[in-house]
Every structure is written in C-alpha cells, then in structure tokens.
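# Close look at the chain arrangement
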Amino acid sequence: MKRTFLFFLLIPVIFISCEQTFVPGDPLPSWNDGDTKQSIINYVEKVSDKNSDSYIEPVDRIATFDNDGTLWTEQPTYFQFYFVVDRLRKLAEMNPDIANDTLVRALLDQGHEAIFTFSGEGITRVIVMASTGMNTDEYADIVEEWISTTKHPETGMYFTDMIYQPMLELLQYLRDNEFKTFIVSGGGIEFMRPWTMETYGIPTHQVIGSTMAIEWEMTDDGPVLNRMPEMSFFNDKTNKPIAINRCIGKKPVFAAGNSDGDLAMLQWSYSNALPSFQLYVHHTDAEREWAYDRDSHIGRLDKGLDVAAENGWTVVDMKSDWKVIWPEE
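Rules behind the numbers
- Residues numbered from 1 in each chain as written.
- Predicted model: local features only at pLDDT ≥ 70, side-chain atom pairs only at ≥ 80, totals over all residues.
- Heavy atoms only, no water.
- Salt bridge = Lys/Arg side-chain N within 4 Å of Asp/Glu carboxyl O.
- Buried < 20%, exposed > 50% of the residue type's maximum accessible area, 1.4 Å probe, protein only.
- Helix = DSSP H or I, 4+ residues; strand = E, 2+ residues; numbered from the N terminus.
- Pairing = 2+ DSSP bridges.
- Axes fitted to C-alpha atoms, helices over the stretch in contact; angles between N-to-C directions.
- 1 Å grid on protein atoms, 1.4 Å probe; cavity = no way out; pocket = protein on both sides within 12 Å on 5 of 7 lines; lining within 4 Å.
- Points joined across faces, edges and corners; volume = space filled by probe spheres on them.
- Parallel < 35°, antiparallel > 145°, perpendicular 65-115°, else oblique.
- Left-handed = near helix turned anticlockwise from the far one by under 90°.
- Contact = heavy atoms within 4.5 Å.
- Nonpolar A, V, L, I, M, F, W, Y, C, P; charged D, E, K, R; others polar.

### Considering the pattern of salt bridges
Counted under the stated rule, the structure contains 12 salt bridges. Notably, a salt bridge pairs Asp33 with Lys37, separated by 3.1 Å at the nearest N-O pair. With relative accessibility at 4%, the residue Lys37 sits in the buried group. With a closest N to O distance of 3.1 Å, Arg105 and Asp109 form a salt bridge. Placement of both Arg105 and Asp109 in helix 4 (residues 102–110) is noted, with a separation of 4 residues, approximately one turn of the helix. Overall, Asp109 belongs to the exposed group, its relative accessible area being 55%. By sharing partners, the salt bridges in this structure join Asp26, Asp33 and Lys37 into a single network.

### Observations regarding the sheet that holds strand 3 (residues 207–219)
The strand order 4-3-2-1-5-6-7 describes an open sheet built from 7 strands, whose pairing is mixed. Two strands in the sheet have a free side with no partner beyond their single neighbour: strand 4 (222–233) and strand 7 (314–317). Recorded for the sheet is a direction-independent mean angle of 30° between the axes of neighbouring strands.

### What about the layout of surface pockets?
In this structure, the largest pocket encloses a volume near 940 Å³. For the largest pocket, the lining is made up of 41 residues, of which Tyr78, Phe81, Gly186, Phe234 and Asp236 are closest to its centre. Here the element with the most residues in the lining of the largest pocket is helix 5 (residues 120–131); it accounts for 5 residues. Each pocket or cavity is described by its volume, and for the second largest pocket that value is around 240 Å³.

### A short note on the packing of helix 3 (residues 79–94) against helix 5
In contact at an axis separation of 9 Å, helix 3 and helix 5 are set at 55° when each is read in the N-to-C sense. Taken together, the axes of helix 3 and helix 5 are oblique relative to one another. Once helix 3 is placed against helix 5, the crossing between them reads as left-handed. Across the interface between the two elements, Phe81, Val84, Arg87, Leu88 and Leu91 of helix 3 pack against Ile123, Val126, Ile127, Met129 and Ala130 of helix 5. Of the residues belonging to the contact of helix 3 with helix 5, the class tally is 9 nonpolar, no polar and 1 charged.

### Notes on empty space enclosed by the protein
Where empty space is left becomes clear once a probe the size of a water molecule has been rolled over the atoms. Within the structure shown, the criterion is met by 1 cavity of 30 Å³ or more. Along the walls of the largest cavity sit Asn67, Asp68, Trp72, Phe79, Gln80, Gly187, Gly188, Phe191 and Met192, which together make up its complete lining. Looking at the lining of the largest cavity, the elements with two or more residues in it are helix 3, strand 2 (180–188) and helix 8 (189–200). Split into classes, the residues belonging to the lining of the largest cavity amount to 4 nonpolar, 4 polar and 1 charged.

Now the structure itself:
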C-alpha cells in the first residue's frame, strides 16, 4: 500500500517535469525558452491583438526572410554553387569544348572551392553558363531533378533536409497569425521556386531573388520564356529593399537574415512606421552546424552584428537558442 501511495504521489511530479520540455500549444517547440523566443512571441501577440496599441492590420503583416544561412545551411559554399558545378560537369560531358574555358576547367578540376578564387564577374559568368541555353520550364525541371536527387558532400543529407527546424516553426507561426511570408534571397529566383512551396510552405509568387534576362519566343509548340546569357538583377545588399519595393510594394514589419548582405533589408524594415521586428541568425554552433561571423568567406556577419546591438534587434544564438538544427533531429 505504501509503495502504491508513493507511486501516485510521484505522478504529478513526472507530469510537471515533462511539461517543462514539451509545452502544449507552444508555437516554437524547437526553440529554447529564453529572451529570444519570448521576444518573438511577444511581438507576434501584440501586433495580432486588436485591443493592442501595436496592432497591425493583416494586409500589412509582411515578413521577409533571406534563404542562404537563414532558412537553410550555406556552408562551406552556397548550395546553388554545388548545382552550378554539377551542371557544368554534365554540359562538359555533352560538349567537351566547354571544358576549355579557364574558369570551367578550374571548377571541374578543383570543385566548388575554386569559385572563391574568381572575381565577381567570373562567378557571374559560370552561373550564366550553367543556367542558360534553355527556357524557364526546362530549367525548372533540371533544378527539381537535381534538388531531389543530390546530397550535400559533407553531411550526406539532401539539401532540402538541411533546413532549420526552428525557422520552419517561425514561418508557420507567422502564417498562423496572418503574416504573409516572403523569401528575399541573393540566390537565383528560378533556382528556388521549384522547391520552396514543398520545403518552406512559401509559394513561387512569394519568392524574390536574383534574375537572369528573359526573352519571349513563339515556337511551334506555343510561347516560351528563354533564359538569356546575362544577369538582369543581383538581389543582394541594398538591392534587397529595391526588390521588396518592386515586388511587394510594402515595407516588411518582420525581417530575418544572417549576414551583412541582409543588413539593408533589416534596416528597411526597421524604418517602418508600424511596429517592426528584426532578427539575425548568428551561426555559433560548430558541433551541430558551423560557427562563423565576422571573417567568414560565406555569410559574413560583421557590420550587421554591430548595427543589431545598436538598435536592439534580436540576434539568435544558434547554439543556445535552438534545441535542434534540422528537422531530422
């Protein structure tokens, strides 16, 4: 009897202990409790409450997210660069003359690391070579086939599995509260569109990125849009607010990034007359992902850290703020 009685006394204790780890109704279960998580929840709750002085009409609840390093991993190189190298290898197999190009030869011999020795013009040139000579539908099919079959060379994971579970929860939490979520990335817009809906729940018309020149052609099978061999817009740094203005027409009230390339977007959001929220993802976890910031060759976060501190923006410490990194965890 005494043992039975003691067992039932322990049940509430066990239940309370579990409650501290798995809180029913928690909108951000992969985030550790703390100031970062609470600041996000406090903001969303106050701007969604019609009785709050900070209430924002749903039509103005625009949230913009960088992709590389903010929604998925970007180390040791941007995932689109892996695609470029793989695509150039296939093109060289079909047409060996392509390998005579000095930059292509370097990529074929040295892999993606060679791209960091190229000038900005050189990087653009190999991206153009790998991404033109086809129409937009053909390119989408190539990207979709690549993203569904290719794995990251260091982790052995599919690229779309190397997305951040805490950020997936944040995207959904915002949408549950009538925010419209956009990707605003330096990556190619047509490289992202084939998989963003399935991966992030973000439809193609809410993806903003760098663009190639496009040309209309009427063929025997009907009209097509051909990808031309030149970049028409590079969506990075101060070009991000320009693209947001052009494609959305409203300043975001919520903006998230991870590098100095996103700083202008966060500053644009910060200038909104409506209550706004700026979030930086700081990569601090070398064990579970990568640790880098001010001196990184990819996703450098230098000036952005200083501006965030000056303005009181929220900076996510990946190591301490996130329980898990990727969905499989």
